[in-house]
Amino acid sequence: DLTKSIQLDTPILVIEATSNPAVDVVKLVSTHTDLGADITFGMDTDGRYAGCLMMKRQILDLVPALGFFDLKEQLVSSARESGSKLAAAEVVRKSIRIHSLQDWRRSVREWARLDPVVTGQERSDASIVDPRARVDEATIIDAIVMEHATVGDGAIIARSAIGPHAVVPPGIRVIDSVYT
């Protein structure tokens, strides 16, 4: 096991791949450290698990060597039974599980805390355009334009993501793509 050589009190950060990346990791780490917890769960403002946790390496000794073991469900019971100190930290406004493109868009919007309706160029309500992006006279349909990206005149962006600092030349069509 990869973690067996790590000291028992070493903190390990776990972030689920399908969770909203907009979590306040600094708050999770500081709560975990300040409370001296063995495991600290990241929660949203409604008290739902936010897909992230901080734990001491020793908590992994509660996981059986063989078989399936769900970290967020079975680990809580095992940690409680072992007398481990559990804590929670509010790390995000809304917990979003990412299972679709629409979920990912909601997650990006939450991360950037952007208003879903953008005024200016022709854009659909489902699009997200970071205010630090420069979008000339372009059409943005169900797409995301991230910080410091530039979208030229006459470009059409549909069902796509334009990455940070990307430059989409005038007149280009980006459809069903990730453009970096």
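Notes on the structure follow.

Considering the pattern of salt bridges
Counting across every chain of the model gives eight salt bridges. Between Arg-48 and Asp-46 there is a salt bridge, and its shortest N-O distance comes to 3.4 Å. We classify Arg-48 as partly exposed; its relative accessible area is 39%. Its salt-bridge partner being Asp-130, residue Arg-132 comes within 2.7 Å of it at the nearest N-O pair. With a relative accessible area of 4%, Asp-130 lands in the buried category. In the salt-bridge network here, residues are joined through shared partners; they are Asp-44, Asp-46 and Arg-48.

Notes on the nonpolar core
If you look at the biggest cluster of nonpolar residues, it comprises 15 residues, and the most contacted ones within it are Val-135, Ile-140, Val-145, Val-151, Ile-157, Ile-162 and Val-168. Ignoring anything within four residues of it in the chain, the contact list for Ile-162 reads Ile-144, Val-145, Met-146, Ala-149, Ile-157, Val-168, Val-174 and Tyr-179. By size, the runner-up hydrophobic cluster in this structure holds twelve residues, among which are Ile-12, Val-14, Phe-41 and Met-43.

As for the side chain of Arg-57
Following the sequence through the fold, Arg-57 ends up in the loop between β3 (49-56) and α2 (74-82). Polar contacts involving the side chain of Arg-57 include one to the main-chain carbonyl oxygen of Ile-6, which spans 3.4 Å. One polar contact links Arg-57 to Asp-61, side chain to side chain, over a distance of 2.7 Å. Look past the residues within four positions of Arg-57 in its chain and what remains in contact with it is Thr-3, Lys-4, Ile-6, Gln-7, Leu-8, Thr-10 and Ile-12.

Concerning the environment of Met-146
The topology assignment puts Met-146 in the loop between β9 (144-145) and β10 (150-151). Between the C-alpha atom of Met-146 and that of Ala-161, which follows or precedes it by 15 residues, the distance is 7.6 Å. Those residues within four positions of Met-146 in sequence are excluded, and the remaining contacts are Trp-104, Asp-130, Ala-133, Ile-162, Gly-163 and Pro-164.

Looking at the side chain of Ser-84
Relative to the helices and strands, Ser-84 is located in the loop between α2 and β4 (86-92). Polar side-chain contacts of Ser-84 include one of 2.8 Å to the side chain of Ser-82. Residues within four places of Ser-84 in sequence aside, it is in contact with Asp-38, Ile-59, Leu-62 and Ala-79.

Calculation rules
- Residues numbered from 1 in each chain as written.
- Predicted model: local features only at pLDDT ≥ 70, side-chain atom pairs only at ≥ 80, totals over all residues.
- Heavy atoms only, no water.
- Salt bridge = Lys/Arg side-chain N within 4 Å of Asp/Glu carboxyl O.
- Buried < 20%, exposed > 50% of the residue type's maximum accessible area, 1.4 Å probe, protein only.
- Core = buried A, V, L, I, M, F, W, Y, C linked by side-chain atoms within 4.5 Å.
- Contact = heavy atoms within 4.5 Å.
- Helix = DSSP H or I, 4+ residues; strand = E, 2+ residues; numbered from the N terminus.
- Polar contact = N/O pair within 3.5 Å; in protein donor to acceptor, adjacent residues only side chain to side chain.

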